[in-house]
Amino acid sequence: MKKKIDFGALVGGVGKTAKDMLDTALQAVDQNDDGKFNLADVTAIAGTVSDAVQKSTQSLKETAGEKARTLELKSLQPIFPDSLSDANFLMPKFIRVVDRDKKYIESEVCQGSIGYNSDQKGLHIVNIFKDSLDSFGLAFYPDHEQEFYYVDPCDRDRYISLDEYFAYIKIVRINELKKLAQDLGAKHFKVTYMEEQIAFSENKVKANAKGPATIDASHNSIEKKFTNIKIESESDFPGHPPIKPQLKYMQRDPSIQNLIALRMDESSPLLHEKFMLKLSNSSGLKETDAVKIDAVLKGLKVSGNATVASEAKNEARRYLEYEIEF
């Protein structure tokens, strides 16, 4: 059996007799305990040094390999099934559905991954592999064959195709207004879609105010003009006592809240109401986020016939006129 060389013993003999020092040195280098220092001991020492070097080299390789894996994980940012239950993992509003590309297929550290994280143009994005959609437990509209999706403003587990987003949100709000009229016991209701006309100049109106002195005053006309007016829904009902409606998309709109309160007040029954609902107040996708999404799409060299920011800006000019009779 090879003995561990005690180099401390070799130098620890200072102050001893020469014979004692030689005996100590011989014991330290005598690897086979035959009382002699010969070729067998030299071979044994060489083996011991070789083993130590091999262990050190292996340790260095393992350390280097671990660093390489850490760097690869940091670069590719894979998502694994158990990542979804991590308290720090949150699904962002904007996601992408992609094919599993070559680097994730070949990467050892990404085996078993179901997607990856990325940060682009100020947005955190979760990229989901098409073959792993079921792992996330999400619903997609109109299907899961699109690439870019934005979250439903009233359902965190439902994502709407970016191309369909504004049309979808418009439809669900109109449908909710239909159900609202029915729940409140309306006899007639009408929903009219309107777009505020774009103006490139301000109309100024002159006014003469008579008093101690005559004053000429100018002020901007605030009268809105609308175009693309279309009746989206209109129905008649027999009418009935109101029941408390359950709303999702329109529940925070103050006009809707006031309508419900007035109709549910039995002491002063409401007979007729008409008001405007600005679609941008409940669209869920704000202009600031739309600008960031456009920057991401541009960076990925994705082009279309419109930008998300322009559509979000248009949403600020769109209204639903709601008229209801009891």
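What comes next is a walk through the structure. (Residues numbered from 1 in each chain as written. Predicted model: local features only at pLDDT ≥ 70, side-chain atom pairs only at ≥ 80, totals over all residues. Heavy atoms only, no water.)

**Section: the nonpolar core**
Core analysis: the largest hydrophobic core is formed by 36 residues, its most contacted members being Met91, Phe94, Ile95, Phe136 and Leu162. Going through the elements one at a time, strand E2 (94–98), strand E4 (123–129), strand E6 (148–152), strand E7 (155–161), helix H5 (165–183), helix H7 (287–299) and helix H8 (308–315) are the ones with two or more residues in this core. The leading source of residues in this core is H5, at 5 residues. Residues contacting Met91, with those up to four places away along its chain left out, are Val126, Ile128, Phe136, Leu138, Arg156 and Tyr159. (Core = buried A, V, L, I, M, F, W, Y, C linked by side-chain atoms within 4.5 Å. Buried < 20%, exposed > 50% of the residue type's maximum accessible area, 1.4 Å probe, protein only. Helix = DSSP H or I, 4+ residues; strand = E, 2+ residues; numbered from the N terminus. Contact = heavy atoms within 4.5 Å.)

**Comments concerning the sheet that holds E2**
Spatially, E1-E3-E4-E2-E6-E7-E5 is the arrangement adopted by the 7 strands of the open sheet, whose pairing is mixed. Because the sheet does not close on itself, it has two edges, and the strands there are strand E1 (78–79) and strand E5 (139–141). Two strands pair when backbone bridges link them, and strand E3 (residues 115–120) and E4 are joined in this way by 6 bridges, in the antiparallel orientation. Following the sheet pairing, Asn117 is matched in E4 by Val126. In the packing of H5 onto the sheet, contacts are made with E5, E6 and E7, and the angle to E7 comes to roughly 125°. (Pairing = 2+ DSSP bridges. Axes fitted to C-alpha atoms, helices over the stretch in contact; angles between N-to-C directions.)

**Points about the packing of H7 against H8**
Orientation of H7 relative to H8, taken along the N-to-C sense of each, is 160°, at an axis distance of 7 Å. With respect to their mutual orientation, H7 and H8 come out roughly antiparallel. Considering only the axes of H7 and H8, their crossing is right-handed. Contacts between H7 and H8 pair Glu287, Ala290, Val291, Ile293, Asp294 and Leu297 from the former with Val308, Ala309, Ala312 and Lys313 from the latter. By residue class, the composition of the contact of H7 with H8 is 7 nonpolar, no polar and 3 charged. (Parallel < 35°, antiparallel > 145°, perpendicular 65-115°, else oblique. Left-handed = near helix turned anticlockwise from the far one by under 90°. Nonpolar A, V, L, I, M, F, W, Y, C, P; charged D, E, K, R; others polar.)

**Concerning H5**
The periodicity of an α-helix, 3.6 residues per turn, causes residues three or four positions apart to be oriented the same way. When the terminal C-alpha atoms of H5 are compared, their 27 Å separation across 19 residues agrees well with the 27 Å that a helix rising 1.5 Å per residue should span. Listing the buried residues of H5 in full gives Tyr165, Phe166, Tyr168, Ile169, Val172, Arg173, Ile174, Glu176, Leu177, Leu180, Ala181 and Asp183. Once H5 ends, the next one or two residues include Gly185, with phi positive near 80°. (Expected span 1.5 Å × (residues − 1).)

**Digging into unusual backbone geometry**
Of note, the bond from Tyr141 into Pro142 is cis; its omega dihedral lies within 30 degrees of zero at 0°. Among the secondary structure elements, Pro142 is positioned in the loop between E5 and E6. You will see that Gln77, though not glycine, has its phi angle at about 50°, which is positive. Structurally, Gln77 is set in the loop between helix H3 (39–76) and E1.

**Description of the pattern of salt bridges**
Using the criterion set out here, one finds 13 salt bridges in the structure. Residue Arg173 is joined to Glu315 by a salt bridge in which the shortest nitrogen-to-oxygen separation is 3.0 Å. Of the two residues, Arg173 is situated in helix H5 and Glu315 in helix H8; the sequence distance between them amounts to 142 residues. With respect to class, Arg173 is no different from Glu315; both count as buried. One salt bridge connects Glu195 with Arg318, and the closest N-O pair in it is separated by 3.7 Å. Taken together, the positions of Glu195 in strand E8 (residues 188–196) and Arg318 in strand E13 (residues 318–325) put the pair 123 residues apart, joining distant regions of the chain. Accessibility assignment for this pair places Glu195 and Arg318 in one class, buried. Residues joined in a network through salt bridges with shared partners are Arg173, Glu195, Glu311, Glu315, Arg317 and Arg318. (Salt bridge = Lys/Arg side-chain N within 4 Å of Asp/Glu carboxyl O.)

**Brief notes about the environment of Asp163**
Mapped onto the elements of the fold, Asp163 is located in the loop between E7 and H5. Judged by relative accessible area, which is 71%, Asp163 ranks as exposed.

**Some details on the sheet that holds E13**
Strand order in the open sheet made by the 4 strands is E11-E8-E13-E12, with antiparallel pairing throughout. Whereas interior strands pair on both sides, the edge strands pair on one side only; in this sheet they are strand E11 (226–236) and strand E12 (272–278). Pairwise comparison of adjacent strand axes, ignoring direction, gives a mean angle of 15° for this sheet. Pairing of E8 with E11, which is carried by 8 bridges, proceeds in the antiparallel orientation. What sits directly across from Val191, in E11, is Ser233. Its contacts with the sheet place H5 against E8, E11, E12 and E13, and it is angled at close to 10° to E13.

**Here's the deal with the side chain of Ser233**
With respect to the secondary-structure elements, Ser233 resides in strand E11. Not counting residues up to four positions away in its chain, the partners in contact with Ser233 are Ile174, Lys178, Phe189, Lys190 and Val191.

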